[in-house]
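What the coordinates show
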Amino acid sequence: MFELKKFRRNPDVSWRLIEGQAVLVHNREGEIEVLNEVGSYLWEHAGEPLGELARNISRDFDVSEDEARRDAETFYEDLAKSGALQPVPEQ
Amino acid sequence: MSDYFPEPGSFNGKPAPLGIGQITIDVGGIAINVAGIQPILLEPLQERYAPFVTNAPPNHRVMLEAGSPRYLDHAAGALLRLEERQDGGAPILVSHNFAARRKGKLGLLRLSAPADAEDSLMAIENYLRWSLADLALDRSGFIFHAAGLARNGRAYVFFGPSGAGKSTVVSLSPGYRVLSDDLVLLVRGERGWRAATTPFKGTFPQGAKDRGTYSLRGLYRLVQAPANAVAPVPLGLAVGMAMACCPFVSDPAKRRDKLLPLVESCCREAGVRELRFRREAGFWDIIAR
């Protein structure tokens, strides 16, 4: 299973939360991503306990906690693949 | 063949100018002096940038030198390659026909083919674009891949990916002053955002431009469609779309970090709308409403 706690926002990605939407500018390629409301929430809280995030999403967006958790895992995996999130070194 | 990058520290020697000619170009109040111009290049430079020549004290000065005969590989007909690196804290830009460094208010531009006026003009143009990207940020502004048109003191700026219709919008707008069909300078002033003409070569004749800045009336993201219509764009999405049209956005991080809040401010204050248009001048009717 995807270990969320091992990832954090890549400091080489400039970002800004604008009216609830996170705008990400990647390093090097200059690629731009604009996240939707749920994605922006997850981006802003990357690295926090997934169970808590899923509970909050379930409460605010009319979706089951299990579904919110699965979607969040997929979302974080995609961001890790794109380089927007990066692994946190093992202690 | 492989790419050749200047050795670290190789820009630190005493400059060896190609000639004694010089010209100062004003873009939206930012004056850039090009010095060390070889005789073969002086007249073409004066001709290309005629509406923008100024006697104002420069904000930046670049000296021309002879460079390596080649830098980055470049196949005929391929997209222009520009690569930026750091050398001792100073940015270096390398392309197929030049290498340049900027350090504070001074720049060095090494030309691969100084005897070739057309090739040298292209290198200087790319140096100016690169420098202006940073000089504009220092004045709370940014350069923007867009077409700009002005009427009655107000500027309308149209942006979108390549092929979206920027040059078409210009060609469909007789009676409007052309800021550019390629690159517009946007600067935050005391009374809001303003758009300035740039001297950069697009498909529109350079000589038809004038030097001017205009109050920014609106930003329009171009989408070709069967019928003309305008629709507001949510601010976050608008900022993302606009950032994608800012040149030299990828490096370095401090440029992006300065640029993002400025683009947000511009989009928020001027407003971004999607303009669906069908390549005829009727789109002005719905913009003017």
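Residues numbered from 1 in each chain as written. Chains lettered and ligands numbered in written order. Predicted model: local features only at pLDDT ≥ 70, side-chain atom pairs only at ≥ 80, totals over all residues.

Let's talk about the overall build of chain A
The number of helices and strands found in chain A is 3 helices and 5 strands. Within chain A, the fraction of its 91 residues that count as buried is 27%. The long-range share in chain A, meaning contacts at least 24 apart out of those at least 6 apart in sequence, stands at 44%. (Helix = DSSP H or I, 4+ residues; strand = E, 2+ residues; numbered from the N terminus. Buried ≥ 20, exposed ≤ 12 C-beta atoms within 10 Å, placed from the backbone. Contact = placed C-beta atoms within 7 Å.)

Considering unusual backbone geometry
Residues and elements named next belong to chain B. Positive phi is not limited to glycine here, since Asn152 has a value of about 50 degrees. Mapped onto the elements, Asn152 comes out in the loop between strand E8 (141–151) and strand E9 (154–159). A count of 9 C-beta atoms within 10 Å places Asn152 in the exposed class. A positive phi is found at Arg279, a non-glycine position, where the angle reads about 60 degrees. The partly exposed category is assigned to Arg279, around which 14 C-beta atoms lie within 10 Å.

Structural notes on the nonpolar core
Ranked by size, the top nonpolar core spans 105 residues in total, and within it Leu109(B), Phe144(B), Val157(B), Phe158(B), Leu186(B), Ala242(B) and Val263(B) carry the most contacts. Take this core: its biggest share by element is 8 residues, from helix H2 (residues 117–137) of chain B. (Core = buried A, V, L, I, M, F, W, Y, C linked by C-beta atoms within 7 Å.)

Things to note about the confidence of the model for chain A
Overall, the prediction assigns chain A a mean pLDDT of 87, with 86% of residues at 70 or greater. When pLDDT is averaged over each helix and strand of chain A, the minimum, 85, is found for strand E5 (residues 85–87) of chain A and the maximum, 95, for helix H1 (residues 37–44) of chain A. (pLDDT = per-residue confidence, 0-100.)

Description of the interface of chain A and chain B
Taken together, the 14 residues of chain A in the interface contact 17 residues of chain B. The set of elements that each furnish at least two residues to the side of chain A that touches chain B consists of strand E2 (14–18), strand E3 (21–25) and strand E4 (32–34) of chain A. Residue classes in the side of chain A that touches chain B are distributed as 5 nonpolar, 4 polar and 5 charged. (Nonpolar A, V, L, I, M, F, W, Y, C, P; charged D, E, K, R; others polar.)

A short note on the pairing of strand E13 (residues 213–224) of chain B
Residue and element names in this part refer to chain B. Bridge count between E9 and E13: 6 bridges; the pairing is parallel. Bridging from a neighbouring strand, Arg154 pairs with Ser215 of E13. One ladder, built from 3 bridges, connects strand E12 (residues 192–196) with E13; its direction is antiparallel. Note that in E13 the partner of Arg194 across the bridge is Ser215. (Pairing = 2+ DSSP bridges.)

Here we look at the sheet that holds strand E6 (residues 98–103) of chain B
All names here are of chain B. Read across the open sheet, the 7 strands follow the order E1-E2-E3-E7-E6-E5-E4; overall the sheet is mixed. Each having just a single partner strand, strand E1 (21–27) and strand E4 (83–87) make up the two edges of the open sheet. Averaged over all adjacent pairs, the angle separating strand axes in this sheet is 20 degrees, with direction ignored. On the sheet, H2 packs against E1, strand E2 (30–37), strand E3 (60–66), strand E5 (90–94), E6 and strand E7 (106–111) and is oriented at approximately 155 degrees with respect to E7. (Axes fitted to C-alpha atoms, helices over the stretch in contact; angles between N-to-C directions.)

Digging into helix H5 (residues 253–270) of chain B
Residues and elements named next belong to chain B. Taking 1.5 Å of rise per residue, 18 residues should cover 26 Å, and H5 covers 26 Å from first to last C-alpha, within 8% of that figure. Listed in full, the buried residues belonging to H5 are Arg255, Arg256, Leu259, Leu260, Val263, Glu264, Cys266, Cys267 and Ala270. At the exit of H5 stands Gly271, carrying a positive phi of roughly 85 degrees. (Expected span 1.5 Å × (residues − 1).)

Side note on the environment of Ala242(B)
All names here are of chain B. For Ala242, the position within the fold is in helix H4 (residues 235–243). Placed 82 residues apart in sequence, Ala242 and Gly160 show a C-alpha to C-alpha distance of 8.1 Å. Every residue in contact with Ala242, bar those within four places of it in the chain, is listed here: Phe159, Leu219, Val263, Cys267 and Val272.

Considerations on the packing of H4(B) against H5(B)
Residue and element names in this part refer to chain B. Between H4 and H5, the shortest axis-to-axis distance is 9 Å and the interhelical angle comes to 120 degrees. Between H4 and H5, the interaxial angle falls into the category oblique. As H4 packs across H5, the resulting crossing turns out to be right-handed. For the pair formed by H4 and H5, the contact residues are Leu235, Ala238, Val239, Ala242 and Met243 on the first element and Leu260, Val263, Glu264, Cys267 and Arg268 on the second. Looking at the contact of H4 with H5 residue by residue, the classes come out as 8 nonpolar, no polar and 2 charged. (Parallel < 35°, antiparallel > 145°, perpendicular 65-115°, else oblique. Left-handed = near helix turned anticlockwise from the far one by under 90°.)

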